[in-house]
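# Fold and geometry: a report
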Amino acid sequence: MTSPRRAPGGFPVVGVIGGGQLARMLQAPAVALGVQLSVLAEAVDASAALVIPSAPVGDHADLDAVCRFAASCDVVTFDHEHVPADVLAALEADGVPLHPSPAALRFAQDKLAMRHRLTEIGVACPRWAQARTRADIETFAAAVGWPIVAKTPRGGYDGKGVRVLRGPEDLDVLDAPGEWLEQVGAPGALADGILVEELVPFERELAVLVARSPSGQASAWPVVQTVQTDGICTEVLAPAPDLDPATAAEATHAALRIAGALGVTGVLAVEMFQVARAAPGHGDGPAVGERPAYLVNELAMRPHNSGHWSIDGAVTSQFEQHLRAVLDLPLGDPRPVASWTVMANVLGGDYAEIYPAYRHVMARDPGAKVHMYGKGVRPGRKIGHVNVSGPDLADARARAQHAADYLQGVIDE
Ligand SMILES: Nc1ncnc2c1ncn2[C@@H]1O[C@H](COP(=O)(O)OP(=O)(O)OP(=O)(O)O)[C@@H](O)[C@H]1O
Ligand SMILES: [Mg+2]
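Here the structure is a predicted model, which means the values were calculated and not measured.

### Observations regarding the environment of Asp365
Following the sequence through the fold, Asp365 ends up in the loop between helix H12 (355-364) and strand S15 (369-372). Judged by C-beta crowding, with 17 C-beta atoms within 10 Å, Asp365 ranks as partly exposed. Sequence spacing of Asp365 and Asn305 is 60 residues, and the spatial spacing of their C-alpha atoms is 23 Å. Excluding its chain neighbours within four sequence positions, the residues that come into contact with Asp365 are Arg399 and Ala403.

As structure tokens, then:
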């Protein structure tokens, strides 16, 4: 029997909670696949609501709104990690197919839960601790050495919720009235304490993107290099240049293992730090040469900024693959279609009216693929990205960066 929710031809409706640019970028492959999307949007002019006809407005933390929304969908997935656990539990109890499941999503929502779980399954992480007091942080710092990194376990994004503590004097900031240490134990982002980590002297940042379907099929894109500026991803190089094949294979294997062990469905992004194999203190057992050349930073269980290159640079983009995975369809081919694809993020800059700059960029470089999110321009806000593919990395990099810089008003010519 055909479910009344289904679109003509028996095609399913995929519900997306959250109407940001990730939900928006699911729409193009959904059109091609013949799958209908419905998005629970923050506002009528949310990025995804502008391109998806079914976009009821509702709060992702409002149980009634979310349940009503889910009742009109065959499966439900997410644009962000912020749906509260009690709302997820109620949906699951109602029998709504959720991808990823709440049990998996927990490890992308809560960095402390993630560190505990990854450590349990033997994945290499920065040295870390769960701190509830100033003394806990001091003890940890004494063990690993200053500087250290303090993080709010929940609700962080784009480097918000990440602080580098250079020395004991920086603890005064966390200890100030209303600050993090005072919020520990109260309901909210710091209910279980603060995550503290060693400041990893990484060589560069990598990301491994994989997809896994409910029936357990999995696929991986090539390992990419990500460049963060002030905590925000600004550039992605696909594949990561000069990455030795053994490290690439190990990192990919780790990401696939995490996806399987945590029961992730849909796209999983594993952010990693590439480190010298001789880095001290990780995985106490193995000899120096056998230590992994990466440490896992964090997980995202949805399409991710590190995978935007795949829209133009891979046979199957992360957005198409996410739809295939959450519908338990056979996964598509993740192989690259060019030697190199470089993605440069466009952050809101000086132009409130970006359209003239956009015309210029297209005229200057017909091969650059410009993706805009339909978002208002605010300084530092992710409003689009540019992909450039080609046989020469330096050329692709220069062209992608030039286009992004021009769109954000950094250069004028
Ligand atoms: N332990 C660490 N050592 C060194 N640098 C770190 C560490 N943790 C985080 N960073 C830096 O801060 C950036 C942001 O950290 P993290 O990914 O944990 O935060 P986030 O705000 O959740 O990020 P996202 O934008 O990916 O959601 C990292 O990409 C890295 O550049
Ligand atoms: Mg991150």
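### Brief notes about the UniProt feature "binding site: ATP" (unreviewed entry) in the protein
Following the UniProt record, one finds the feature "binding site: ATP" (unreviewed entry) at Lys111, Lys151, Glu197, Glu198, Leu199, Val200, Glu205, Asn297 and Glu298. One can find Lys151 in strand S5 (residues 148-151). Sequence-distant contacts of Lys151, defined by excluding residues within four places in its chain, comprise Lys111, Gly156, Gly161, Val162, Ile194, Leu195 and Glu197. Position of Glu298 among the secondary structure elements: in strand S13 (residues 294-300). If near-sequence neighbours (up to four positions away) are discounted, Glu298 is found in contact with Lys111, Met114 and Glu271.

### Structural notes on the sheet that holds strand S6 (residues 162-165)
What the 4 strands build is an open sheet, ordered S4-S7-S5-S6; its pairing is antiparallel. Edge positions in the open sheet fall to strand S4 (128-131) and S6, since each of these has one partner strand only. Sheet twist, expressed as the mean angle between neighbouring strand axes with direction ignored, is 25°. As defined by bridge partners, S4 adjoins strand S7 (residues 194-198) across 4 bridges and the pair is classed as antiparallel. Pairing of Trp128 across the sheet is with Glu197, part of S7. Contacts from helix H5 (residues 111-120) reach S4, S5 and S7 within the one sheet, and its direction differs from that of S7 by about 55°.

### What to know about the domain arrangement of the protein
Taken as a whole, the protein is organised into domain 1 (8-98), domain 2 (127-198) and domain 3 (204-407). Summarising the inter-unit geometry, the C-alpha centres of domain 1 and domain 3 are found 24 Å apart. Looking at the side of domain 1 that touches domain 3, the elements that each hand over two or more residues are helix H1 (21-33) and strand S3 (75-78). Here the side of domain 1 that touches domain 3 is built from residues that sort into 12 nonpolar, 3 polar and 2 charged.

### A word on the site of ligand 1
What surrounds ligand 1 is a group of 19 residues, the closest being Val149, Gly156, Glu197, Val200 and Gln228. Going through the elements one at a time, S5 and S13 are the ones with two or more residues in the shell around ligand 1. When its residues are assigned to classes, the shell around ligand 1 shows 6 nonpolar, 6 polar and 7 charged. Mapped onto the domain boundaries, the shell around ligand 1 takes at least three residues apiece from domain 2 (127-198) and domain 3 (204-407).

### Considerations on the sheet that holds S3
The strand order across the open sheet formed by 3 strands is S2-S1-S3, and the pairing between neighbours is parallel. Strand pairing shows two members of the sheet lacking a second neighbour, strand S2 (36-40) and S3, which therefore form its edges. Between one strand and the next, the sheet's axes are offset by a mean angle of 30°, whatever the strand orientation. Here strand S1 (residues 13-17) pairs with S2 via 5 bridges, running parallel.

### A closer look at helix H2 (residues 63-70)
Since the α-helix turns once every 3.6 residues, residues separated by three or four places project in the same direction. Listed in full, the buried residues belonging to H2 are Val66, Phe69 and Ala70. Relative to the axis of H2, the buried residues are bounded by an arc of 95° and lie together on one face. In this structure, the buried residues of H2 make contact with S1, S2, S3 and helix H3 (85-93).

### Focus on the nonpolar core
Counting 119 residues, the largest nonpolar core has Val208 and Leu268 as its most contacted members. The residues contacting Leu268, other than those within four sequence positions of it, are Val210, Arg212, Ala255, Ile258, Ala259, Leu299 and Met301.

Rules behind the numbers
- Residues numbered from 1 in each chain as written.
- Chains lettered and ligands numbered in written order.
- Predicted model: local features only at pLDDT ≥ 70, side-chain atom pairs only at ≥ 80, totals over all residues.
- Helix = DSSP H or I, 4+ residues; strand = E, 2+ residues; numbered from the N terminus.
- Buried ≥ 20, exposed ≤ 12 C-beta atoms within 10 Å, placed from the backbone.
- Contact = placed C-beta atoms within 7 Å.
- UniProt positions renumbered as here; feature names shortened; annotations may be inferred.
- Pairing = 2+ DSSP bridges.
- Axes fitted to C-alpha atoms, helices over the stretch in contact; angles between N-to-C directions.
- Domains from an automatic or database assignment.
- Nonpolar A, V, L, I, M, F, W, Y, C, P; charged D, E, K, R; others polar.
- Near = placed C-beta within 6 Å.
- Arc of directions from axis to C-beta.
- Core = buried A, V, L, I, M, F, W, Y, C linked by C-beta atoms within 7 Å.

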